[in-house]
Amino acid sequence: MLLTKYSHSCVRIEQGGSVLVIDPGAFSEVEEALAGAGAVLVTHEHPDHIAVDRVVAVLQTNPGIELWAPRGVVDTVGAALGGGAANRLHAVSGGEEFTVAGFAVRTFGGQHALIHALIPMIANVGFLIDGSVYHPGDSLIVPDGIDVGTLLVPVHAPWSKLAEVVDFVTSVRAARAFQIHDGLLNETGLAMVEGHVTRLGARYGTDFRHLATRESVEV
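From a predicted model like this one, the values you see are computed outputs, not experimental measurements.

(A) Expanded view of the overall build of the chain. A count of helices and strands for the chain gives 5 helices and 14 strands. By the compact-globule yardstick of 17 Å for 219 residues, the chain fits well, its C-alpha radius of gyration being 16 Å. Each of the 219 residues in the chain was classed as buried or not, and the buried ones make up 50%. Looking at the chain alone, contacts between residues at least 24 apart form 56% of all its contacts between residues at least 6 apart. Accessible surface for the chain amounts to roughly 9200 Å². Of this, 51% is attributable to carbon and sulfur atoms. Put simply, the chain has 13 plus and 24 minus side-chain charges, and the middle of one group is 5 Å from the middle of the other.

Structure representation (structure tokens):
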């Protein structure tokens, strides 16, 4: 598979002419990432993970694209798309398996990480693609019963701290890892966080590498 990193938490995965996009949010190059896609997966409803207006515009222009996401996202997108879109929108939760655009998908978790006790909890689904690439969304849920080949690591968020991020990487013990959820850090902060993840992850067998925006890598 060819994985392309877009800004923040958006990634594009290509294989055999099929294209799958995860979390085309407001910080990301939504239209570019979705060009030619057959499916879009959304981990949760926050705007940095789905730019609803822009995604809906692409869905309206390209009726072949389908969307899988938690129920709240599906309802919001469905209301914006109007009638006739129900067969293109699929509500998912943790613990499911299905095939989209030729990719095998498993879901994990189901709950967004705690931001603050005064902020209501929402649904969040982590996606494992073809038994290899794991995108956890806004959670640090360790997938059970599998060996992850490529881990996408939320390196910084209002709901996390460095110790939790490192524990996530060392618990999953993927062969390789790349950063996501990096849109709120400047270069200095990103270098500091990624330095720790690189050094400590290596002790547990994980090769962490930074991907620039629009950079692609075979996984």
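(B) Local environment of the sheet that holds strand 14 (residues 216-218). Pairing in this open sheet of 7 strands is mixed, and the strands run 6-5-4-3-2-1-14 from one edge to the other. The open sheet terminates on both sides in strands that have one partner only, identified here as strand 6 (89-91) and strand 14. Averaged over all pairs of adjacent strands, the angle between their axes in this sheet comes to 20°, without regard to strand direction. Bridging between strand 5 (residues 66-69) and strand 6 involves 3 bridges; their strand directions are parallel. Opposite L67, over in strand 6, you have L89 as the bridge partner. Against the sheet, helix 3 (residues 71-81) makes contact with strand 5 and strand 6, and its axis sits at roughly 160° relative to strand 6, the strand it touches most.

(C) Representation of the environment of S132. Along the chain, the position of S132 falls in the loop between strand 9 (123-129) and strand 10 (133-135). Residue classification places S132 among the buried positions, given a relative accessible area of 16%. A sequence separation of 131 residues divides S132 from M1, and the C-alpha atoms of the two residues are 9.7 Å apart. Setting aside its immediate chain neighbours within four residues, S132 contacts M1, V148, G149 and T150.

(D) Region of the structure containing the sheet that holds strand 13 (residues 207-209). Spatially, the 7 strands line up as an open sheet ordered 7-8-9-10-11-12-13, and their pairing is mixed. For this open sheet the edge positions go to strand 7 (97-100) and strand 13, each flanked by a neighbour on one side alone. On average, adjacent strands in this sheet sit at an angle of 30° to one another, irrespective of strand direction. With 7 bridges connecting them, strand 8 (residues 103-111) and strand 9 associate as antiparallel partners. When the bridges of strand 9 are listed, V105 appears paired with I129. Helix 4 (residues 162-172) contacts strand 10 and strand 11 (150-154) of the sheet and is inclined by roughly 170° relative to strand 11.

(E) Fine view of the packing of helix 4 against helix 5 (residues 187-202). Contact geometry for helix 4 and helix 5: axes closest at 10 Å, N-to-C directions at 35°. The handedness of the crossing between helix 4 and helix 5 is right-handed. For the pair helix 4 and helix 5, contact is made by L162, V165, V166, V169 and T170 and by V193, H196, V197, L200 and G201, respectively. Looking at the contact of helix 4 with helix 5 residue by residue, the classes come out as 7 nonpolar, 3 polar and no charged.

(F) Broad picture of the side chain of E194. Among the secondary structure elements, E194 is positioned in helix 5. With no salt bridge to any partner, buried E194 finds its closest opposite charge in K5, at an N-O distance of 7.9 Å. Discounting chain neighbours no more than four positions away, the residues touching E194 are Q179, F208 and H210.

(G) Inspection of the pairing of strand 2 (residues 11-15) at higher detail. One ladder, built from 4 bridges, connects strand 1 (residues 2-5) with strand 2; its direction is antiparallel. The partner of L3 across the bridge, within strand 2, is I13. Between strand 1 and the antiparallel strand that follows it, strand 2, lie 5 residues; H8 among them carries a positive phi value of about 65°. Note that strand 2 and strand 3 (residues 18-22) share 5 bridges and pair antiparallel. Residue pairing for strand 3: E14 is matched across the bridge by V19.

(H) Molecular detail of helix 2 (residues 52-61). Buried residues of helix 2: V55, V56, V58 and L59, and no others. Along helix 2, the residues classed as buried sweep out an arc of 160° about the axis, all on the same side. Within helix 2, the exposed residues directed more than 90 degrees away from the buried face are D53, Q60 and T61. Among the structural elements, helix 1 (30-34), strand 5 and helix 3 are those in contact with the buried residues of helix 2.

Cut-offs applied
- Residues numbered from 1 in each chain as written.
- Predicted model: local features only at pLDDT ≥ 70, side-chain atom pairs only at ≥ 80, totals over all residues.
- Heavy atoms only, no water.
- Helix = DSSP H or I, 4+ residues; strand = E, 2+ residues; numbered from the N terminus.
- Rg over C-alpha atoms; globule rule 2.2 N^0.38 Å.
- Buried < 20%, exposed > 50% of the residue type's maximum accessible area, 1.4 Å probe, protein only.
- Contact = heavy atoms within 4.5 Å.
- Areas by Shrake-Rupley, 256 points an atom, 1.4 Å probe, with all protein chains shown as cover.
- Lys, Arg positive; Asp, Glu negative; His and termini not counted.
- Charge placed at Lys NZ, Arg CZ, Asp CG, Glu CD.
- Pairing = 2+ DSSP bridges.
- Axes fitted to C-alpha atoms, helices over the stretch in contact; angles between N-to-C directions.
- Left-handed = near helix turned anticlockwise from the far one by under 90°.
- Nonpolar A, V, L, I, M, F, W, Y, C, P; charged D, E, K, R; others polar.
- Salt bridge = Lys/Arg side-chain N within 4 Å of Asp/Glu carboxyl O.
- Arc of directions from axis to C-beta.

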